[in-house]
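# Residue-level structural notes
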Amino acid sequence: MTIENTFREWHESLNGGEADKLFKFMDSDIVIFDEDIPWRFNKDDFANHLSFHGDQWESFEWIPREVCFQERGETAVVSGYATFRGKPKDAGFRQRFMGFTQTWQKIDGDFLLVSFHQGPLQGQIEGASPS
């Protein structure tokens, strides 16, 4: 399977709330830096984070934009921008804009996500030089 197809399936499982399928794309030693939390996550931390948030939202969607796919042997890098938008059950609408980078490693013929970093764009917009 190509990295483009793997990424599409990963993305569909995230937006579809299919946690079991989502976590099958993740290596057991994945490193995650998420825009929502100021420290490094592992797979279990991320599962707990999503489980907590799962009951808090009426709807959510992660929309990738300007995605770039690079394959280098057994490694692939997916990068781009994303919009996270959703409707919490107890509050108004939320929308966050961010950049993201994912590193995928081909293991036993399939790509597994080994590193995922996403961060908000606000600092890149408001703090851009000259300021």
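Residues numbered from 1 in each chain as written. Predicted model: local features only at pLDDT ≥ 70, side-chain atom pairs only at ≥ 80, totals over all residues. Heavy atoms only, no water.

Helix and strand content of the protein: four helices and six strands. Walking the protein from its N terminus toward its C terminus, one meets helices and strands in the order α-α-β-β-α-β-β-β-β-α. Buried positions account for 34% of the 131 residues belonging to the protein. Considering only contacts in the protein between residues 6 or more positions apart, those separated by 24 or more positions represent 48%. Just so you have it, the protein exposes about 8000 Å², and 48% of that area is on carbon and sulfur atoms. (Helix = DSSP H or I, 4+ residues; strand = E, 2+ residues; numbered from the N terminus. Buried < 20%, exposed > 50% of the residue type's maximum accessible area, 1.4 Å probe, protein only. Contact = heavy atoms within 4.5 Å. Areas by Shrake-Rupley, 256 points an atom, 1.4 Å probe, with all protein chains shown as cover.)

Its location among the elements puts Q118 in strand β6 (residues 110–120). A relative accessible area of 7% means that Q118 is categorised as buried. A polar atom in the side chain of Q118 sits 3.0 Å from the side chain of W62. Residue contacts for Q118: discarding those within four places in its chain leaves F33, D34, E35, W62, M98, G99 and F100. (Polar contact = N/O pair within 3.5 Å; in protein donor to acceptor, adjacent residues only side chain to side chain.)

Here the focus is the pairing of β6. Sheet topology note: the strand β1 (residues 26–33)/β6 ladder contains four bridges and is parallel. If you follow M26 over to β6, its bridge partner there is L113. The pairing of strand β5 (residues 94–107) with β6 spans 10 bridges and is classified as antiparallel. For W104, the partnering residue across the bridge sits in β6 and is L113. As consecutive antiparallel partners, β5 and β6 are separated by two residues, and within that stretch D108 has a phi angle of approximately 55°, a positive value. (Pairing = 2+ DSSP bridges.)

On the secondary structure map, D27 appears in strand β1. Nearest to the buried, unbridged D27 among oppositely charged side chains is K43, at 7.4 Å. Among the polar contacts listed, one links the side chain of D27 to the backbone nitrogen of D29, at a separation of 3.0 Å. Among residues more than four places away in sequence, those in contact with D27 are K43, I107, L112, L113 and V114. (Lys, Arg positive; Asp, Glu negative; His and termini not counted. Salt bridge = Lys/Arg side-chain N within 4 Å of Asp/Glu carboxyl O.)

Fair warning: the whole summary comes from geometry, so function is off the table for now.
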